[in-house]
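Structural overview
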Amino acid sequence: MQQNYQSITWQDDHLVILDQTQLPLREIYSDVNTIGQVWDAIKKLKVRGAPAIGIAGAYGLYLGVRDLESKNFTSFNVELNRWIEYLKSSRPTAVNLSWALERINQTVYANKDKDLEEIKEIILKTAKTIHDEDKRVCKKIGENGAELVEKGWNILTHCNTGGLATGAYGTALSVILHADDDDKDIHVWVDETRPLLQGARLTAWELKQAEIPFHMITDSMAGSLMKQGKVDMVVVGADRVTANGDTANKIGTYSLAVLAKENEIPFYVALPLSTFDLETDTGDEIEIEEREPEEVTHLAKTPITPKKTDAYNPAFDVTPNKYITGFITEKGIVEPDFKKNIKKLFEK
Ligand SMILES: CSC[C@H]1O[C@H](OP(=O)(O)O)[C@H](O)[C@@H]1O
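The rules we used
Residues numbered from 1 in each chain as written. Predicted model: local features only at pLDDT ≥ 70, side-chain atom pairs only at ≥ 80, totals over all residues. Heavy atoms only, no water. UniProt positions renumbered as here; feature names shortened; annotations may be inferred. Core = buried A, V, L, I, M, F, W, Y, C linked by side-chain atoms within 4.5 Å. Buried < 20%, exposed > 50% of the residue type's maximum accessible area, 1.4 Å probe, protein only. Contact = heavy atoms within 4.5 Å. Helix = DSSP H or I, 4+ residues; strand = E, 2+ residues; numbered from the N terminus. Polar contact = N/O pair within 3.5 Å; in protein donor to acceptor, adjacent residues only side chain to side chain.

As recorded by an unreviewed UniProt entry, the protein carries the name Methylthioribose-1-phosphate isomerase and is attributed to Gracilimonas sediminicola. Recorded under Catalytic activity (unreviewed entry), the UniProt text for the protein is reproduced unchanged: "5-(methylsulfanyl)-alpha-D-ribose 1-phosphate = 5-(methylsulfanyl)-D-ribulose 1-phosphate". The record held by UniProt for the protein lists under Sequence similarities (unreviewed entry) the comment "Belongs to the EIF-2B alpha/beta/delta subunits family. MtnA subfamily."

Below, the structure is given as structure tokens:
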């Protein structure tokens, strides 16, 4: 299976990103040369999707320290951690950003006695490793998840969780890509995913590229399709899964999970281990990003409400673990007891 596009590429001495705000109408690749441009790209969802945000943040940290002329490691480390907090402020919910930055921070500290220029190169090398690992991990997630899919199934998915949202292949969409590759003759119901329409704009674009049959639906149609027996499986991505399996994901995911339970439809969350947050016990503690009301009151910058209309715009919601059938990871399928079995994923 070939994906002939990359959401993020490191090219010589800078990042090149596929600007996801321009898809599906325009495929615009932009050069990103500074940490500020990385912060802006993440904030404006030019780069988006939990794993892709982590990868971009890792390269962004290198761009932030590359030209530092610190007197010693201590002053270098102060600047490094200042940039880590800066990058984290771009979007708080997806744990992959803080996971990637913390991994680099720990690698730097383990090499603190090295020459500062060598440490900078180690930061870039670690960013590239995180990027390459994500590609392999997402392929494995797809292979593991495809085994759950039966021939002829109709699969419903939400938001965008494909190669655009990761290093390659994706998470939930990787399951769909690999099920199709295994000749499972699937069909996909693609939630448009208001307000930013990641489903309509990005998942539709990726499924067209993969030549996988799908129908676009409005978010409000999902329940009725389930009730009619037209959905065999729901698979979504995640931005942060806590130690007990509570899952933060794109707004609208909770409603899908409740509807799936009501209609006895398997509901799976596909994610890399880097999206689990074992430091957080339950979903009640997850910070949910609130975005500008204009994303709700406007469509493609055209107002769809009367002037000065107030709007509430949480980017994510939290699905309690009781609504989740299982987690599809690169290490296999995780089933309840989630607290126990998620912990086992991380045991050596
Ligand atoms: C594999 S991407 C995970 C996750 O990220 C998306 O959010 P956003 O488009 O705001 O970055 C969505 O929640 C996906 O499920």
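This brings us to the nonpolar core. Of all hydrophobic cores here, the largest spans 40 residues; its most connected members are Ile-8, Val-38, Tyr-59, Leu-61, Phe-76, Val-108 and Ile-123. For Tyr-59, the contacting residues outside a window of four places in its chain are Ile-8, Trp-10, Leu-15, Leu-124, Ala-127, Lys-128 and His-131. Judged by nonpolar contacts, the second largest core, of 27 residues, contains Leu-156, Val-234, Val-236 and Val-334.

So, about the UniProt feature "site: Transition state stabilizer" (unreviewed entry) in the protein. Here, the residues flagged by UniProt with the feature "site: Transition state stabilizer" (unreviewed entry) are Cys-159. Relative to the helices and strands, Cys-159 is located in the loop between β4 (154-157) and α6 (172-181). Judged by its relative accessible area of 6%, Cys-159 falls in the buried class. If we ignore the near neighbours within four places in the chain, the residues touching Cys-159 are Arg-48, Asp-191, Thr-193, Gln-198, Gly-199, Thr-203 and Lys-250.

We now examine the side chain of Asn-96. If you trace the backbone, Asn-96 turns up in helix α4 (residues 95-110). Classification of Asn-96 as buried rests on a relative accessible area of 1%. Separated by 3.2 Å, the side chains of Asn-96 and Ser-274 make a polar contact. A polar atom in the side chain of Asn-96 sits 3.0 Å from the side chain of Thr-275. What Asn-96 contacts, discounting residues up to four positions off in sequence, is Ala-50, Pro-51, Gly-54, Asp-239, Pro-272, Ser-274 and Thr-275.

A few words on the UniProt feature "binding site: substrate" (unreviewed entry) in the protein. Mapped onto this numbering, the UniProt entry gives "binding site: substrate" (unreviewed entry) at Arg-48, Gly-49, Ala-50, Arg-91, Gln-198, Asn-249 and Lys-250. Mapped onto the secondary structure, Arg-91 falls in the loop between α3 (73-88) and α4. The residues touching Arg-91, leaving out its near neighbours within four places in the chain, are Ile-42, Lys-43, Leu-45, Arg-48, Ile-53, Leu-97, Lys-250, Glu-289, Arg-291, Ala-315 and Phe-316. Polar contacts involving the side chain of Arg-91 include one to the side chain of Glu-289, which spans 2.9 Å. Here Asn-249 is to be found in strand β9 (residues 247-250). Excluding residues that lie within four positions of it along the chain, Asn-249 makes contacts with Val-236, Gly-237, Ala-238, Asp-239, Ala-315, Phe-316 and Asp-317. Reaching out from Asn-249, the side chain makes a polar contact with the backbone nitrogen of Ala-238 at a distance of 3.2 Å.

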